[in-house]
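Architecture and fold: a report
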Number of protein chains: 2
Amino acid sequence: MGLENIRIVLARPLYGGNVGSVCRAMMNMGFSDLAVVPGPLDLFEEELRKMALGALPIYEQRSEFDSVAEAVADCGWVAGTSARTGFYRDQARPIREWVPRLLQGSETGKVALVFGPEDKGLRTEELALCTQMVQIPSSDAFPALNLAQAVMVCCYELFAATGQFVPSQETSPEATSEMRERMFDAWREALLGIGFMKEDKADHMMLGLRRILSRGTLTDADVRILLGIAKQASWCAGQLDTVQGEKGKKAPDHEG
Amino acid sequence: MGLENIRIVLARPLYGGNVGSVCRAMMNMGFSDLAVVPGPLDLFEEELRKMALGALPIYEQRSEFDSVAEAVADCGWVAGTSARTGFYRDQARPIREWVPRLLQGSETGKVALVFGPEDKGLRTEELALCTQMVQIPSSDAFPALNLAQAVMVCCYELFAATGQFVPSQETSPEATSEMRERMFDAWREALLGIGFMKEDKADHMMLGLRRILSRGTLTDADVRILLGIAKQASWCAGQLDTVQGEKGKKAPDHEG
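Along each chain, residue indices are assigned from 1 in the same order as the chain's sequence is written. Think of it this way: whatever chain is written first is A, whatever ligand is written first is 1, and the rest follow in order. Owing to the predicted nature of the model, reporting of local features is limited to residues with pLDDT of at least 70; listing and counting of side-chain atom pairs is limited to 80 or more, with chain, interface and lining totals taken over all residues. As a rule here, side-chain values cover all heavy atoms of the structure and leave hydrogens and water aside.

**Here we look at the overall build of chain A**
- Runs of E in the DSSP output that reach at least two residues are strands. Runs of H or I that reach at least four are helices, and both are numbered from the N terminus. On a plain count of helices and strands, chain A comes out with 10 helices and 7 strands.
- Radius of gyration means the value over C-alpha atoms here, while the globule rule gives 2.2 Å times the residue count to the 0.38 power. Relative to the 2.2 N^0.38 estimate, which gives 18 Å for 256 residues, the radius of gyration of chain A is 31 Å and therefore markedly larger than a compact globule would have.
- We call a residue buried when its accessible area falls under 20% of the maximum for its residue type, exposed when it is over 50%, and partly exposed in between, using a 1.4 Å probe and counting protein chains only. By the burial criterion, 48% of the 256 residues in chain A qualify as buried.
- The contact criterion used is simple: two residues touch if any of their non-hydrogen atoms lie within 4.5 Å. Residue pairs in contact within chain A that sit at least 24 positions apart in sequence constitute 83% of those at least 6 positions apart.
- The convention is simple: Lys and Arg are positive, Asp and Glu are negative, and His and the chain ends are not counted. Throughout, a charge is located at the NZ atom of Lys, the CZ atom of Arg, the CG atom of Asp or the CD atom of Glu. Placing the 27 positive and 35 negative side-chain charges of chain A at their respective mean positions leaves the two points 6 Å apart.

Right, here's the structure in full:
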């Protein structure tokens with residue numbers, strides 16, 4: 001779906017740990033093209049490895065450039081992540097709004113997502129290279145995201161929109177009405193049998209039970225479990241009747 | 001919008017740096033209720049402070065519990081983050097699908113979002129406490145997210161859905177048709193004046209220029225800038241005509 005055409009560009013990152021976290025976030029979300037414009041500081045290999053874990057190859061296969069202009073030179077759309085103030089603020093839109101266009105752009109060419117250093121954000125001449133300005137929604141009270149967290153939110157939004165992730169599915173189908181009714185019949189019999197309700201209140205009680213069991217999905221497998229419980233309770237009640245018949249006792253009445 | 005009713009529960013976290021990052025992510029997204037079930041390891045205050053930065057108060061105001069059961073005891077809905085395999089996998093749905101229900105739940109009671117330790121995820125008896133199982137979409141090739149990144153994605157999805165974040169807006173309104181036409185008239189005059197096109201090709205050229213300038217928004221402020229350029233070019237062409245009239249020269253022909 002084109003994610004291999006989307007380049008994550010880090011301009012002058014300060015902390016190796018963050019760069020390692022960026023690699024992990026990228027690999028989690030199916031990205032592989034990392035470009036780094038090195039800053040004045042060494043990226044502390046140890047922290048970087050510790051945070052990247054199995055995503056270290058992303059860093060090892062990075063490309064390096066002397067400037068953001070060079071890092072995005074072969075890209076069509078260039079999306080910059082903006083601070084919340086400044087000249088370009090008016091044009092910034094939340095990442096989720098840009099996702100369809102960025103993915104569309106990645107179908108036919110390279111797309112860049114550019115992130116500034118941890119402390120300052122992108123320079124004006126770097127913002128000028130951008131065809132889109134991206135905002136990440138955050139609280140007014142504490143808006144500044146960690147660099148790797150910002151990369152994660154952007155990559156997550158793009159990945160989620162590709163539809164590559166297939167959520168797990170219930171393997172058991174929804175129970176049919178016929179099965180459900182068989183189960184409710186068994187429960188009616190069981191609840192009468194154990195003395196939870198009497199015949200005159202049974203319809204009302206059964207409506208309550210139907211309500212409780214109809215709030216979500218009720219699969220084939222679920223109905224088989226519930227049917228088994230009811231049948232066992234009925235068996236148990238039958239056994240008690242037999243014993244009581246012998247001893248002349250009566251079951252306790254727990255009806256609400 | 002109820003985010004103060006959503007508790008982030010960390011079960012036996014291993015690394016202070018991750019807990020610090022969790023605090024920052026929570027505060028970025030408007031969350032404040034952190035519960036920790038301490039694990040066997042100390043949470044290394046230094047790394048924790050370094051990653052939390054201004055969000056340290058979230059950690060200082062945390063509540064601590066001996067078990068997940070106690071940490072969620074007063075919560076209605078309890079959403080657990082699942083590994084991608086295991087007994088509960090069939091019931092897990094992506095975080096975005098749960099967001100409306102979790103927010104709805106937070107309007108009337110406490111809601112918990114429970115995250116297991118970095119290495120193992122939640123225990124079976126902890127998963128059993130959960131009324132919802134949450135998945136975070138990720139690549140099949142490298143699915144395991146860092147703990148703080150997982151918290152960020154969940155908190156981001158919930159925050160984004162509250163509508164609390166108001167994206168920046170263009171402060172200049174879209175230019176009116178009348179203004180645009182005045183601007184295109186000025187460009188026509190300028191392009192003729194500087195000798196970029198001749199009268200017989202002007203209509204065709206102007207259609208091209210309209211196409212270029214109609215691909216996005218064109219604000220009042222934009223149109224004023226473009227109008228100014230055209231008028232200045234016309235003025236410049238007029239000056240040249242005057243000089244050429246004096247010297248008998250001709251403007252060069254740059255028409256495409």
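**With respect to the sheet that holds strand β6 (residues 110-115) of chain A**
Residue and element names in this part refer to chain A.
- Any two strands are treated as partners once DSSP identifies two or more bridges connecting them. Overall, parallel pairing links the 7 strands, which are arranged β3-β2-β1-β6-β4-β7-β5 in an open sheet. Strand pairing shows two members of the sheet lacking a second neighbour, β3 (63-64) and β5 (92-94), which therefore form its edges.
- Both strand β4 (residues 75-81) and strand β7 (residues 132-135) contribute to a ladder of 3 bridges, which runs parallel. Considered in β7, the bridge of A79 is made with Q132.
- Axis lines are fitted to C-alpha atoms, over the contacting stretch for helices. Their N-to-C directions set the angle, which ranges from 0 to 180 degrees. Packed onto the sheet, helix α7 (residues 147-162) meets β1 (6-11), β4, β6 and β7 and runs at close to 150 degrees relative to β6.

**Focus on the packing of aromatic side chains**
- The aromatic pairing rule takes the rings of Phe, Tyr and Trp, using the six-membered ring of Trp, and pairs them if the centres are within 6.5 Å, calling planes under 30 degrees apart stacked, those over 60 edge-to-face and the rest tilted. Taken as a whole and judged by the stated rule, the model has 0 aromatic pairs over all chains.
- Its end group placed over the ring of Y59(A), R62(A) keeps NZ or CZ at 3.9 Å from the ring centre. In this scheme, the term charge over a ring applies when either NZ of a lysine or CZ of an arginine sits within 6 Å of the ring centre and within 35 degrees of the ring normal.

**Side note on the environment of E97(A)**
- Residue position: E97(A) is located in helix α5 (residues 95-108).
- We classify E97(A) as partly exposed; its relative accessible area is 41%.

**Digging into the sheet that holds strand β5 (residues 93-94) of chain B**
Residues and elements named next belong to chain B.
- Spatial strand order, β3-β2-β1-β6-β4-β7-β5: 7 strands in an open sheet with parallel pairing. Edge strands, defined here as strands with exactly one partner in the open sheet, are β3 (63-64) and β5.
- Pairing geometry for strand β2 (residues 33-37) and β3, over 2 bridges, is parallel. The residue of β3 that forms the bridge with A35 is S63.
- Together, β1 (6-11), β4 (75-81), β6 (110-115) and β7 (132-135) form the strand contacts of helix α7 (residues 147-162), whose direction differs from that of β6 by roughly 150 degrees.

**Regarding the packing of helix α1 (residues 16-28) of chain A against helix α2 (residues 45-52) of chain A**
Residue and element names in this part refer to chain A.
- Look at α1 against α2: their axes get within 7 Å of each other, and the N-to-C directions meet at 25 degrees. Taken together, the axis directions place α1 and α2 in an arrangement best described as roughly parallel. Considering how the two elements wind past one another, α1 and α2 form a crossing that is right-handed. Taken together, the residues of α2 that come into contact with α1 (itself represented by G16, G17, V19, G20, S21, C23 and R24) are E47, L48, M51 and A52.
- Considered class by class, the residues forming the contact of α1 with α2 number 5 nonpolar, 4 polar and 2 charged. Should an angle fall under 35 degrees it is taken as roughly parallel, and over 145 as roughly antiparallel, whereas 65 to 115 is taken as roughly perpendicular and any remaining angle as oblique. Helix crossings fall into two classes, left-handed where the near helix is turned counterclockwise from the far one by less than a right angle and right-handed where it is turned clockwise. The nonpolar class holds Ala, Val, Leu, Ile, Met, Phe, Trp, Tyr, Cys and Pro. Asp, Glu, Lys and Arg form the charged class, and all remaining residues, Gly among them, are polar.

**Digging into the confidence of the model for chain A**
- Confidence per residue, as judged by the predictor, is encoded in pLDDT with a range of 0 to 100. Per-residue confidence for chain A averages 89 on the pLDDT scale, and 92% of its residues sit at or above 70.
- Interface confidence for the predicted complex, expressed as ipTM, amounts to 0.82; the pTM equals 0.84.

**Considerations on the nonpolar core**
- Put simply, a nonpolar core is a bunch of buried Ala, Val, Leu, Ile, Met, Phe, Trp, Tyr and Cys residues held in one set by side-chain atoms that sit within 4.5 Å of each other. Ranked by internal contacts, the top residues of the largest apolar core, which has 90 residues, are I8(A), L34(A), I8(B) and L34(B).
- The contact partners of L34(B), leaving out residues within four places of it in the chain, are I8(B), L10(B), V22(B), C23(B), M26(B), I58(B), Y59(B), R62(B) and S63(B).

**Regarding the relation of the copies chain B and chain A**
- Here the copies were fitted onto each other by least squares, based on C-alpha atoms from residues at pLDDT of at least 70 in both. For the pair chain B and chain A, the relating rotation is 180 degrees, the translation along its axis is 0.0 Å, and the fit reaches an RMSD of 0.1 Å. Read as a symmetry element, the transformation amounts to a two-fold axis.
- A high fraction, 100%, of the interface residues of chain B reappear at the interface in chain A, so the copies pair face to face through one surface.

**Remarks on α5(A)**
Residues and elements named next belong to chain A.
- Multiplying one less than the number of residues by 1.5 Å gives the expected span of a helix. Taking 1.5 Å of rise per residue, 14 residues should cover 20 Å, and α5 covers 20 Å from first to last C-alpha, within 8% of that figure.
- Its maximal kink placed at R101, α5 deviates by approximately 25 degrees.
- For α5, the full list of buried residues reads I95, W98, V99, L102, L103, G105 and S106. Note on bend: at a given residue it equals the angle between the axes fitted to the 7 residues ending there and to the 7 starting there.

**Some details on the interface of chain B and chain A**
- Taken together, the contact pairs 46 residues of chain B with 46 residues of chain A.
- Surface buried jointly by chain B and chain A totals about 3,800 Å² across both partners, of which 54% is contributed by carbon and sulfur atoms.
- In terms of surface lost to chain A, no three residues of chain B exceed F142(B), Y156(B) and F165(B), which account for 19% of the buried area on that side.
- Every case where a carboxyl oxygen of Asp or Glu lies within 4 Å of a side-chain nitrogen of Lys or Arg is listed as a salt bridge. At the surface where chain B touches chain A, the tally comes to 2 salt bridges.
- For R96(B), the salt bridge identified is with E157(A), shortest N-O distance 3.0 Å.
- Pairs of N or O atoms within 3.5 Å make up the polar contacts considered here, provided that, within protein, one atom can donate a hydrogen while the other can accept it, and that residues adjacent in sequence are counted only when both atoms are side-chain atoms. Counting the contacts that link chain B with chain A gives 15 residue pairs in polar contact (both at pLDDT 80 or more).
- Of all the secondary structure elements, the ones that give two or more residues to the side of chain B that touches chain A are α1 (16-28), α2 (45-52), β5, α5 (95-108) and α7 of chain B.
- Counting residues per element, the side of chain B that touches chain A draws most heavily on α7(B), which supplies 8 residues.
- Partitioning the side of chain B that touches chain A into residue classes produces 23 nonpolar, 14 polar and 9 charged. For any pair of parts, buried area is found by adding up, for both, the accessible area (1.4 Å probe) each one loses once the two are put together.

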